[in-house]
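# Observations on the three-dimensional arrangement
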Amino acid sequence: MSAPIVSRQLARATLRATARNTARNTFATSARQTFRQHGGRRFYSSESPKASSSSTLVYLAGAAVAGAAGYYFYTQGPGASVKVFNPTKDDYQKVYDEIAKRLEENDDYDDGSYGPVLLRLAWHASGTYDKETGTGGSNGATMRFSPEGDHGANAGLKHARDFLEPVKAKFPWISYSDLWIIGGIAAIQEMQGPIIPFRPGRQDRDAAACTPDGRLPDGAKGSDHLRAIFYRMGFNDQEIVALAGAHALGRCHPDRSGFDGPWTFSPTVLTNDYYRLLLEEKWQFKKWDGPKQYEDAKTKSLMMLPADYALIQDKAFKSWVEKYAKDNDLFFKDFAAVVTKLFELGVPFKEDTERIIFKTRNA
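Residues numbered from 1 in each chain as written. Predicted model: local features only at pLDDT ≥ 70, side-chain atom pairs only at ≥ 80, totals over all residues. Heavy atoms only, no water.

## Quick look at the overall build of the protein chain
Secondary structure summary: the protein chain contains twelve helices and seven strands in total. Out of the 363 residues belonging to the protein chain, those deemed buried represent 55%. Long-range pairs, those at least 24 residues apart, make up 69% of the contacts in the protein chain between residues at least 6 apart in sequence. Counting every atom, the protein chain has about 15700 Å² of accessible surface; 50% of that belongs to carbon and sulfur. (Helix = DSSP H or I, 4+ residues; strand = E, 2+ residues; numbered from the N terminus. Buried < 20%, exposed > 50% of the residue type's maximum accessible area, 1.4 Å probe, protein only. Contact = heavy atoms within 4.5 Å. Areas by Shrake-Rupley, 256 points an atom, 1.4 Å probe, with all protein chains shown as cover.)

## Some words on the nonpolar core
V95, I99, L164, I182, F230, Y274 and L311 are the most contacted members of the largest nonpolar core, which totals 86 residues. Broken down by element, the residue count for this core peaks at nine residues, all from helix α6 (residues 176-190). Ignoring sequence-local partners within four residues, the contact set of F230 consists of W123, P217, F235, I240 and L243. (Core = buried A, V, L, I, M, F, W, Y, C linked by side-chain atoms within 4.5 Å.)

## A word on the pattern of salt bridges
The tally for this structure, following the rule as stated, stands at 16 salt bridges. Here K101 makes a salt bridge to E98, at a shortest N to O gap of 3.3 Å. Each member of the pair K101 and E98 is classed as buried. The salt bridge involving D334 is made with K333; its shortest N-O contact spans 3.0 Å. In this structure D334 comes out as buried when scored by relative accessible area, which is 10%. Through salt bridges that share partners, E98, K101 and K170 make up one connected network. (Salt bridge = Lys/Arg side-chain N within 4 Å of Asp/Glu carboxyl O.)

## Re the packing of aromatic side chains
Under the defined criterion, the tally for this structure stands at 20 aromatic pairs. Three or more aromatic residues joined by ring pairs make a cluster, and in this case those are F85, Y92, Y96, F171, W173, F198 and F358. The positively charged end of R102 is found above the aromatic ring belonging to F163, 4.1 Å away from the centroid. (Phe/Tyr/Trp six-rings, centres within 6.5 Å; stacked < 30°, edge-to-face > 60°. Lys NZ or Arg CZ within 6 Å of the ring centre and 35° of its normal.)

## Brief notes about the environment of I181
Within the secondary structure, I181 sits in helix α6. The exposure class of I181 is buried, given its relative accessible area of 1%. Distance in space between the C-alpha atoms of I181 and A141 is 9.7 Å, their sequence separation being 40 residues. Beyond its immediate sequence surroundings of up to four residues, I181 is in contact with A122, S126, S138, F198, R202 and F343.

## Re the packing of helix α4 (residues 115-126) against helix α5 (residues 158-170)
The geometry of α4 relative to α5 is characterised by a closest axis approach of 8 Å and an angle of 100 degrees between their N-to-C directions. In terms of their interaxial angle, α4 and α5 are classed as roughly perpendicular. Touching V117, L118 and L121 of α4 are A160, R161, F163 and L164, all from α5. The residue inventory of the contact of α4 with α5, partitioned by class, reads six nonpolar, no polar and one charged. (Axes fitted to C-alpha atoms, helices over the stretch in contact; angles between N-to-C directions. Parallel < 35°, antiparallel > 145°, perpendicular 65-115°, else oblique. Nonpolar A, V, L, I, M, F, W, Y, C, P; charged D, E, K, R; others polar.)

## Topic: unusual backbone geometry
It is generally the case that most residues other than glycine have a negative phi and that most peptide bonds are trans. With an omega of 15 degrees, the peptide bond between S146 and P147 qualifies as cis. Inspection of the secondary structure assignment puts P147 in the loop between α4 and α5. Non-glycine residue D110 carries a positive phi angle of around 45 degrees. Of note, D110 is situated in the loop between α3 (89-100) and α4. By relative accessible area, which is 16% here, D110 ends up buried.

## Examining the environment of G261
Along the chain, G261 turns up in strand β4 (residues 261-262). G261 sits 41 residues away from L302 along the chain, and the two C-alpha atoms are 6.1 Å apart. Apart from residues no more than four positions distant in its own chain, G261 is found in contact with R251, C252 and M303.

## So, α5
Taking 1.5 Å as the rise per residue, α5 with 13 residues should run 18 Å; its terminal C-alpha atoms sit 19 Å apart, in good agreement. Where α5 bends most, the angle comes to about 30 degrees, and this point is L164, followed within four residues by the proline P166. Within α5 the residues assigned to the buried category are A160, R161, F163, L164, V167 and K168. (Expected span 1.5 Å × (residues − 1). Bend = angle between axes of the 7 residues up to and from the residue.)

## Considerations on α4
Helix length check: α4 (twelve residues) gives 17 Å between terminal C-alpha atoms against 16 Å at 1.5 Å per residue, within 8%. Along α4, eleven of the twelve residues are buried, which leaves the element largely enclosed by surrounding structure. Every buried residue belonging to α4 is among G115, P116, V117, L118, L119, L121, A122, W123, H124, A125 and S126, and all of these are buried. Looking at the packing, one finds that the buried side of α4 touches α3, α5, α6, α7 (223-233), α8 (237-244) and α12 (328-344).

## Observations regarding the confidence of the model for the protein chain
For the protein chain, the average pLDDT comes to 85, and 77% of its residues sit at 70 or higher. Counted against residues more than four places away or in other chains, residues 2-31, with its pLDDT under 50, gives 46 contacts. Every residue in residues 33-69 scores below 50 in pLDDT, and together they form 91 contacts with partners more than four places removed in sequence or on other chains. (pLDDT = per-residue confidence, 0-100.)

## Some remarks on the sheet that holds strand β6 (residues 294-296)
Taking strand neighbours across the sheet as the criterion, the three strands line up as β5-β6-β7 in an open arrangement whose pairing is antiparallel. Each end of this open sheet is capped by a strand with a single partner; those strands are β5 (283-285) and β7 (303-304). Pairing of β5 with β6 involves three bridges; the strand directions are antiparallel. Bridge pairing in β6 links W283 to D296. (Pairing = 2+ DSSP bridges.)

This is how it looks when you write it as structure tokens:
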């Protein structure tokens, strides 16, 4: 058994043994410290982003991005000739590194990592795709504009967009669309998840391309709703359940979704615990003034949404929940495949666009 697998299993065992009897801040901090002590992949600095160059990129309308990897037009200053910047794999790796090293720069934000909210940004930017009309998806980054940025499902994602602004300033040649996806990939990989390949070439669009409200999943609804939302994008039942595993990360906020709490005891570490907890814990309705949600009967510190619980009420969905609960490697394999598909929905890549594999911070 490889050292990383042993490390992850030891860390997960430690998390399960200690986190159940601790409060929110304690188990979040313990999760991060445990993974550092046992060889986790996340090693970051908290240095502020360096000031961007005085050179100003001037994007030409309709020609900001062209070709497989993207060609970006810029000038060095007034009166200077227009030049072309063709980013390499190393350039994209530098963007990834800039995001990765800052993920844990603010211990006061949620559970100490911006990773979950960055993944949610990439997910929600991509999850608006409609296969029938070809609209939506990660190509465009239209959440920058109203009304899409104000949709209820996107509440709180300004935190993620603002987090990435210094990165955009440091690397002004990259589109917001590609930047948001790299943020999601960095979040997954740096939170112990599988490797997610990246294809560049997304182009930013204006407010006219904003998608209508209602294209993203509603956590308050059940299996029929989930199928309607995900089938519209071109996913099947297995892929729906695999994507749901992202709920191993992060938490809900009353001032955003209205719901409250984390799904797992290690909300900054990606494992198959979401599925295990769904099956192994006893879930009951939370007694509170907020919307309908479930809490674990044992500690009352975890939550599940009605849409989560629907995965074990529906026979077809439950079969995949059971498979992923038993096999973390299978979950990682299927999760990597379906997230890659999600992030590329509707993007007009050139046929010869190569996928890039980003190195993690301690690779």
